[in-house]
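# Chains, contacts and geometry: an overview
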Amino acid sequence: MGLVPRSPHQAGRRFPAGGKRGRGAKGSGRPPPGRQRQPCPPPDGRSEPAPDAHPHLSPEALGYFRRALSALKEVPETGEERELMVHNVLKEVEAQALALATNRAGSEMLQELLGFSPLKPLCRVWAALRPNLRFVACHRCGVHVLQSALLQLPRLLGNPAEEEEEEEDGKDGPLETLEELGLGLAAEVCDDFLFYCGDTHGSFVVRTLLQVLGGTLLESERARHRGSQLPVRDLTTAYVLDLPSEAQRAPSRECKATDFKVPETFLNCLQNLSSCFLKDIAVFITDKISSFCLQIALQILHRKLPQLCAHLCNAVMGYLSSRNSSADGSPLLLFLRDQTSSRLLEQVLLVLEPPRLQSLFEDHFQGQLQTLAAHPIANFPLQRFLDAITTPELLSPVFEELSPALEAVLAQGHSGVVIALVGACHRVGIHQAQVLQLLLEAFHCAEPSSRQVACVPLFATLMTYEVYYGLAEEEGAVPAEHQVEMATARDLGEVTVLGSLLLQHLLHFSSPGIILRSLGALTGPQLLTLAQSPAGSHVLDAVLTSPSVTRKQCRRVLKTLKGQYVALACSRHGSRVLDAIWSGAALGARKEIAAELGARNQELIKDPFGHHVARNVALTTFLKRREAWEQQQGAVAKRRRALNSILED
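Notes on the structure follow. (Residues numbered from 1 in each chain as written. Predicted model: local features only at pLDDT ≥ 70, side-chain atom pairs only at ≥ 80, totals over all residues. Heavy atoms only, no water.)

## Some details on the packing of helix 10 (residues 178-191) against helix 14 (residues 264-279)
- Two elements in contact, helix 10 and helix 14, have axes whose closest approach is 10 Å; the angle formed by their N-to-C orientations is 10°. It follows that helix 10 is roughly parallel to helix 14 by the angle criterion. For the pair helix 10 and helix 14, the contacting residues are Glu 179, Leu 183, Ala 186, Val 189 and Cys 190 in the first and Thr 265, Phe 266, Cys 269, Leu 273 and Cys 276 in the second. (Axes fitted to C-alpha atoms, helices over the stretch in contact; angles between N-to-C directions. Helix = DSSP H or I, 4+ residues; strand = E, 2+ residues; numbered from the N terminus. Parallel < 35°, antiparallel > 145°, perpendicular 65-115°, else oblique. Contact = heavy atoms within 4.5 Å.)

Structure below.
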């Protein structure tokens, strides 16, 4: 497809749903597991040291720890027996900590054991690893042990009962506290900051350390800590509006975070550690591995030390703006097209304050938006720029420049740019009618007006009218009227992630009438397919939750599902939609749903998803004690009305 938008009535097209950006590492670099002999007797002591002075774990020791971990999992989680077992096993771990941490199987077991560990044994294991910090942190297995140790701090820091208990047990001489160990690790990393940030494995320790010092754990980093694979921009299961529109797991996208309390010394240390980025800012902008550390630092500092975050952002922008100018104008545009620095710029864009974002647009982006949207790499930071817009003053010139190229951007497969623009219109509350009209034109369903009723299937599947319905229209020909029979006879196409997000944004517009009419025109089986789709089910969530959709409009859309409730209940995603419908339904609607489900009660009970719905609906009570069921549901409805009135007040 060409870059120039074609006439709305030319031959149809299927808009690519988007693609991957970048190339992640193939794996953690761990060797494949080999067969290991598992002897019966436990080890008597340490294994013989290896020729390189780093001890190796003997098969006997490995077998012992494997059996000990298995036994721990069988013991009840609370009680004196488990506590004694944990202390005894970790005492053995302390003696062979380095050998365990650098063995593939031993590392995985040690990570699990640290999750059970009380304060004092954890400190002893940590202290045992500390003399070999560089070796462990840069080892493909040892790095995960250090990460696991760091991730125990939220559980153990500031637990008075735990500390008192350990003080009573402390008879083996002075032992550094957990706070001192954390600060000591940070000091060692700070002394050789560039090395640790630039190492494939060591950078994971830095990223985890930044989160722990800031008292904020990012969801994506926790999920990734057991593997040292580099992130890849990709379309994943980002189905809901509060999730990213594309590349959900990319490091440049702000992630959900869990906060926990840390001592003031940790925040001071975080400030000192973050200042290390300023000394070699060029390296952290251009080096792929080191850049990830700066991206995480920006997310943490944005939450905990916003002034330092702004200072780092200014340093990044200052460096990039001072490079040689490109032929297109601003030197910043060169870095937007670079695989590594563009990722960092995405994060910078997300944490910039609105006035700074406005200046960035006026100084660097203005007049270049269509070019950036067409670029295979630069379109990603452009999406984050659109995600960060919160003011009409910025959105208006951006919309004016970018909207004429909307169909061309879709044709190039950069649908995320369009979703981000629609999302900005939803968030700021302007240009909503204009962007909807442009979408109808891009999908060739604006004229004749009868085609508008087909917009939901087109948006959901990211296909133009001609492609979706298999029509062959010659160039320049007058577009045919919409055929209702043709539309009702066709099964709903596969709902894409970006198509779902597009519809969710449109349903939250101030006037979603066109989208609601199109949803209401779907047949029962088509709406059922939408509800059963992993991505499409969230479109119905938006119908139920959007403040722009009235109860009457909602009932008009959902009435088509009557007769499909059992199929919904027996579907993984459909059952969740049915639960949401049930939660907002009045007593009369609940009776209809329960009556339809009750006719096939046995089928529901045997289904892995249906039996949960049957329990939620109290189907057994409905079938056997109807009056009691009605009283129960009436009380629930009364409580819900009372709660709603309180929330409205």
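## Quick look at the environment of Ser 500
- Tracing the backbone shows Ser 500 in helix 30 (residues 497-507).
- Accessibility expressed as a relative area gives 0% for Ser 500, which makes it buried.
- Along the primary structure Ser 500 and Ser 537 are separated by 37 residues, whereas in three dimensions their C-alpha atoms are 8.5 Å apart. (Buried < 20%, exposed > 50% of the residue type's maximum accessible area, 1.4 Å probe, protein only.)

## A short note on the packing of helix 16 (residues 288-304) against helix 17 (residues 306-321)
- Close contact between helix 16 and helix 17 brings their axes to 6 Å; oriented N to C, the two are set at 140°. Of the residues in helix 17, those in contact with Leu 294, Leu 298, Leu 301, His 302 and Lys 304 of helix 16 are Pro 306, Leu 308, Cys 309, Leu 312, Cys 313 and Val 316.
- Looking at the contact of helix 16 with helix 17 residue by residue, the classes come out as nine nonpolar, one polar and one charged. (Nonpolar A, V, L, I, M, F, W, Y, C, P; charged D, E, K, R; others polar.)

## Let's talk about the nonpolar core
- Counting 195 residues, the largest nonpolar core has Phe 385, Phe 459 and Leu 597 as the members making the most contacts within it.
- For this core, the leading source of residues is helix 25 (residues 415-428), giving nine residues.
- What Phe 459 contacts, discounting residues up to four positions off in sequence, is Leu 436, Leu 439, Leu 440, Phe 443, Gly 499, Leu 502, Leu 503, Leu 506 and Ile 515. (Core = buried A, V, L, I, M, F, W, Y, C linked by side-chain atoms within 4.5 Å.)

## Quick notes on the packing of aromatic side chains
- Scanning the model with the defined rule gives twelve aromatic pairs in all.
- Consider the rings of Phe 193 and Phe 284, whose centres lie 5.8 Å apart with planes at 45°: the pair is tilted. Here Phe 193, found in helix 11 (residues 193-198), pairs with Phe 284, found in helix 15 (residues 281-286); they are 91 residues apart in sequence, far enough to count as distant. No difference in accessibility class separates Phe 193 from Phe 284, as the two residues are buried.
- With a centroid separation of 4.9 Å and 70° between ring planes, the pair formed by Phe 443 and Phe 459 is classed as edge-to-face. Residue Phe 443 is found in the loop between helix 26 (432-442) and helix 27 (455-461), and its partner Phe 459 is found in helix 27; the two are separated by 16 residues along the sequence.
- For Phe 443, a relative accessible area of 0% puts it in the buried group.
- What links up through ring pairs into an aromatic cluster is the set Phe 193, Phe 277 and Phe 284.
- Sitting over the face of the ring of Phe 195, Arg 134 holds its NZ or CZ atom 4.1 Å from the ring centroid.
- Across the ring face of Tyr 468, the terminal group of Arg 490 is positioned such that the distance to the ring centre comes to 3.7 Å. (Phe/Tyr/Trp six-rings, centres within 6.5 Å; stacked < 30°, edge-to-face > 60°. Lys NZ or Arg CZ within 6 Å of the ring centre and 35° of its normal.)

The analysis is restricted to geometry; functional conclusions fall outside its scope.
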